[in-house]
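One-letter residues, chain by chain:
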Amino acid sequence: MCSIAGFYHPSAQFLAKQAEFEHILQKMCQIQAHRGPDDSGTFLSGSCGLSHTRLSIIDLKNGKQPMTRSRSGHPYHIVYNGEIYNTDTLRQALSERGVTPQTSSDTEIILLSYLTFGPEFVKELDGIFAFAIYDERHKTLTLYRDSFGVKPLFYTIYDGTLVFSSELKGLFCFPGIRARLDAGGLNELFGLGPARTPGNGVFKDIFELKPGTSMTCSSLGFHTHTYFQLASRPHEDSYEDTIEKTRFLVTDAIKRQMVSDVPVCTFLSGGVDSSLVSAVCAKELKAQGQRLATYSFDFTENDKYFQANSFQPSLDRPYVDKMAGFLHSDHRYLECGSQTQADLLYESVDAHDLPCMADVDSSLLYFCGEVSKNHKVVLTGECADEVFGGYPWFHKESFLTCHTFPWTPDLSPRTQLLNPQLLEVLDMEQYVQNAYETAISEIQLLPEDNETEASRRRISYLNIRFFMQTLLNRMDRTSMHSGLEARVPFADRALVTYVFNIPWEMKAKDGIVKNVLRQAARTLLPDEILFRKKSPYPKTYHPAYEKLLAQRLTDVLAQPDCPLVPLVDKKALMQFLERPKDYGKPWYGQLMAGPQMTAYLLQTEYFLRKYHVEFVF
């Protein structure tokens, strides 16, 4: 994995101020160096500048970027962040056209495929990626992002110049681009956050290239093209064939994503998702005479303070013990304390450049940092719940009929803490409703979908388009902050496309949540793991953590120049901080309850202060 950044203007003369623009490219490299600590490079021409930092995973010696290849004497340049899993297939296709790569790097495969097969070649890429290709002859820059947005790519257009970057912070290296928030940005933070509308960069006039999209930049303007979109199709396979095909797609995705020139490891929670990924990896490595390394996460004294609830029914540790023994893996238990995850709340904002999933992020940031001391590549069980229907909102009538984002069915926990005058300006309820209606209008229903099946299809689409994207962002930023590449086989394009159209009567047959996945995993896992009730990513229930957050936010609000104060109802917020928190009534998803609201506000205050955010409304 890596970072990319750059700028483009079809009629610019960047070389006339070469030292200045090379310095900007160097700053873009430096500010994203955590994503690629092994190497860096830049390229500058009259109309385009490219920068790249590299985390070496494939072809450790020959994958340096920016990479240049020529066609008919004309140079083409690429900067690329990601991993391609079907390079052998693409290499063979190139060979059949008489094209021989000089290296084994997937970067070169991408560039040569573009030159050989044209811009639509992206449809043949199996992987996670964001990349930019500059055609020096025609002065054309093309940006691409993978099908589900596993890898980030932000951009803005400033005074006619396109500026792009893997992370938002890279954009602010370009002179004149400032951190500004309008009413829409505040609605993203307080109404939808930590989710975001696809393509929305929160800051005014800053965007993110949507998943499955490319953008061509030339003297004719800036034009986007959707090359992949999730589509509704009739499911014609029998139940037995569905289970068999799902088993193949899941195991094949895991095996393909093990490709690496450095050792891989897995996260292991003891749930069906991470356990299945770990089981397939362990079997593959065992055949090669190797032993899988696995990691599990927990919190200090969680066995003492854990509070079982409908969202989080059990501790992970007993199931981790069983799976680690079953796999004979080289297992390491990692624990995070209250002080550590509170201290890392601000660093989580540094990683995202935005408020994020509070301590759900800060703790994962800590764990990824620990894992990165021993490994560069990890496979995770992320996204299985979004794809296979593992969340309560797929099953409960109240969620199916709420006509809004099911992970945020009620905005009142948010609005009751905000300044009433601000709420009048934001019209938050309408903003969120508009975002919801726009999203569900993107998916077509099938003639055979009854009212309930139509609701589930919409919720499935929303989960993949919004909720899964939030978790993918979290995984990318927390892992790449420490130079760790996290792979997500359950977000495989072929798998998601197939499972999206499996009817609910199969997905939840006999009332079994994620039934298709569980049946597909039979013989690979012990039944105790296979049919364990879902328990999400762990969080702390330690009372000291809640008290620590409340004291820190109280101290922040007392500062005379606190940028959060004008946005909140301070009296209501202080009353909220004094009340015991209900861990069983989340305000976002399953994990973000009262303490996480406090932590999110702490992050928001730090975000406003760090970026010197200007309000423009």
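Our subject is the structure that appears above.
As the structure is a prediction and not an experimental result, all values here were calculated from the model. (Residues numbered from 1 in each chain as written. Predicted model: local features only at pLDDT ≥ 70, side-chain atom pairs only at ≥ 80, totals over all residues. Heavy atoms only, no water.)

## Comments concerning the overall build of the chain
We count it as follows: Secondary structure is summarised from DSSP: a helix means a run of H or I of at least four residues, a strand means a run of E of at least two, and numbering begins at the N terminus for each. For this measure, only C-alpha atoms enter the radius of gyration; the expected value for a globule follows 2.2 Å times N^0.38, where N is the number of residues. For every residue, the accessible area obtained with a 1.4 Å probe (protein chains only) is divided by the maximum for its type, and the residue is called buried under 20%, exposed over 50%, and partly exposed between those limits. Contacts are assigned to residue pairs that have any heavy atoms within 4.5 Å of one another. Computed with a 1.4 Å probe, the accessible areas rest on the Shrake-Rupley method; for each residue, only the protein chains presented here act as cover.
Looking only at helices and strands, one finds 25 helices and 19 strands in the chain. The C-alpha radius of gyration computed for the chain amounts to 24 Å, which stays within 12% of the reference 25 Å derived for 617 residues, consistent with globular compactness. Projected onto its principal axes, the C-alpha coordinates of the chain cover approximately 70 × 60 × 50 Å. Across the 617 residues that make up the chain, the buried fraction comes to 64%. Contacts in the chain between residues far apart in sequence, at least 24 positions, make up 74% of those at least 6 positions apart. Accessible area for the chain stands at about 23300 Å²; split by element, carbon and sulfur atoms hold 49% of it.

## Comments concerning the state of the cysteines
Defined simply, a disulfide is a covalent bond joining two cysteines at their sulfur atoms. Which entries qualify depends on this criterion: The term disulfide is used for any two cysteine sulfur atoms that are within 2.5 Å.
Enumeration over the complete set of coordinates arrives at 0 disulfides. With no disulfide of its own, Cys356 lies 12 Å from the sulfur of Cys368, the closest cysteine sulfur. Residue Cys356 is classed as buried on the basis of its relative accessible area of 3%.

## Here we look at the sheet that holds strand S11 (residues 206-208)
The condition is simple: For two strands to be treated as a pair, DSSP must find no fewer than two bridges joining them. Angular values range over 0 to 180 degrees, each being the angle between N-to-C directions of two axes fitted as lines to C-alpha atoms, with helices fitted over their stretch in contact.
If you walk across this open sheet you meet the 6 strands as S2-S3-S1-S9-S8-S11, and the pairing is antiparallel. Of all the strands in the sheet, just strand S2 (39-44) and S11 have a single pairing partner and so form its edges. Pairs of neighbouring strands in the sheet enclose a mean axial angle of 15°, with direction left out of account. Here strand S1 (residues 2-8) runs beside strand S9 (residues 161-165); their pairing, made up of 4 bridges, is antiparallel.

## Considerations on empty space enclosed by the protein
For the record, the criterion: Here a cavity is any set of points on a 1 Å grid over the protein atoms alone where a 1.4 Å probe fits but cannot get out, and a pocket is any open set with protein on both sides within 12 Å along at least 5 of 7 lines; a residue lines the site when it has an atom within 4 Å of a point. Grid points are joined across faces, edges and corners, and a volume is the space filled by probe spheres set on the points. Under the convention adopted here, Pro, Cys and the residues Ala, Val, Leu, Ile, Met, Phe, Trp and Tyr are nonpolar, Asp, Glu, Lys and Arg are charged, and Gly plus all remaining residues are polar.
All told, the structure shown has 10 cavities of 30 Å³ or more when counted by the stated rule. Of the voids in this model, the largest cavity is the one considered here, and its volume is about 690 Å³. As for the largest cavity, its lining consists of 42 residues, of which Glu382, Lys534, Ser535, Pro536 and Tyr537 are closest to the centre. Of all the secondary structure elements, the ones that give two or more residues to the lining of the largest cavity are helix H7 (272-287), strand S15 (293-299), helix H12 (359-371), helix H13 (384-388) and helix H18 (451-480). Taken together, the residues of the lining of the largest cavity sort by class into 22 nonpolar, 9 polar and 11 charged.

## Things to note about a nonpolar patch on the surface
Definition in use: In this scheme, patches are assembled from residues that exceed 30% relative accessible area and form no salt bridge. Like charges are connected within 9 Å, while nonpolar side chains (Val, Leu, Ile, Met, Phe, Trp, Tyr) are connected within 5 Å. By convention in these notes, a salt bridge is any Lys or Arg side-chain nitrogen within 4 Å of a carboxyl oxygen on Asp or Glu.
A grouping of Val425, Phe615 and Phe617 is seen on the molecular surface, where their side chains present a nonpolar patch of about 280 Å² in accessible area. Counting through the fold element by element, Phe617 comes out in the segment after strand S19 (614-615).

Purely geometric numbers; function is a separate question.
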